[in-house]
Amino acid sequence: MPDHVMTQTLTLPEDHFDDLRAGRRIWTIRDGEREIEPGFLMYEGMEDKSMTEFVWVTDVFYMRLKGAAVKTGEKLDDLIEKLHPFYPDIDGETKITLILHLTVDETKKIFPQAS
């Protein structure tokens, strides 16, 4: 990544990087309203900060978790179960930020500097 490009960063559990790299992870949910904009986003390991991948954020939505379930095609109960370890008080009414992005491979094809 060129030094002059400002990069947004979010942490990601290390065990989620395989899905990210395989293109199975094309969105993330964060509690509350996060200041994320379309453009480059670097995922960084929660424990291992040297574990990183770049993606291109296409859309950012501020909504309740139940709306994110509809938008992502996930069952609300499944989302709550996945997010509970990180956000113990989360429920369908919780305000969240839904961040949609290209896959790692799509990002690298469009933006070779992301390699």
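Preceding block: the structure.
Everything quoted here is computed from the prediction, not taken from an experiment.

**Observations regarding the pattern of salt bridges**
(1) Moving on: Here the structure, examined in full by the defined rule, presents seven salt bridges.
(2) Moving on: Between Glu-44 and Lys-49 there is a salt bridge, with the nearest N and O atoms lying 3.7 Å from each other.
(3) Moving on: The salt bridge partner of Lys-66 is Glu-93, with a shortest N-O separation of 2.6 Å. Of this pair, Lys-66 sits in helix 2 (residues 65–72) while Glu-93 sits in the loop between helix 3 (76–83) and strand 5 (95–101); the two residues are 27 residues apart in sequence, bridging distant segments of the chain.
(4) Moving on: Looking at Lys-66, the relative accessible area reads 42%, which means it is partly exposed.
(5) Moving on: The partly exposed category is assigned to Glu-93, whose relative accessible area is 41%.
(6) Moving on: Several salt bridges share partner residues, and in doing so they unite Arg-21, Glu-53 and Lys-108 into one network.

**What about the environment of Lys-82?**
(1) Moving on: Within the secondary structure, Lys-82 is located in helix 3.
(2) Moving on: Judged by its relative accessible area of 47%, Lys-82 falls in the partly exposed class.
(3) Moving on: There is a polar contact of 3.1 Å between the side chain of Lys-82 and the side chain of Glu-74.

**Points about the pairing of strand 3 (residues 39–45)**
(1) Moving on: In terms of residue burial, strand 3 counts as a mostly covered element, since seven of its seven residues are buried.
(2) Moving on: Looking at chain direction, strand 1 (residues 8–12) and strand 3 are connected through five bridges and run parallel. Considered in strand 3, the bridge of Leu-12 is made with Gly-45.
(3) Moving on: In terms of strand pairing, strand 3 meets strand 4 (residues 52–64) through six bridges, oriented antiparallel. Residue pairing in the sheet places Leu-41 in a bridge with Val-55 of strand 4.
(4) Moving on: Here strand 3 hands over to strand 4 after six residues, the two strands then running antiparallel side by side.

About the cut-offs
- Residues numbered from 1 in each chain as written.
- Predicted model: local features only at pLDDT ≥ 70, side-chain atom pairs only at ≥ 80, totals over all residues.
- Heavy atoms only, no water.
- Salt bridge = Lys/Arg side-chain N within 4 Å of Asp/Glu carboxyl O.
- Helix = DSSP H or I, 4+ residues; strand = E, 2+ residues; numbered from the N terminus.
- Buried < 20%, exposed > 50% of the residue type's maximum accessible area, 1.4 Å probe, protein only.
- Polar contact = N/O pair within 3.5 Å; in protein donor to acceptor, adjacent residues only side chain to side chain.
- Pairing = 2+ DSSP bridges.

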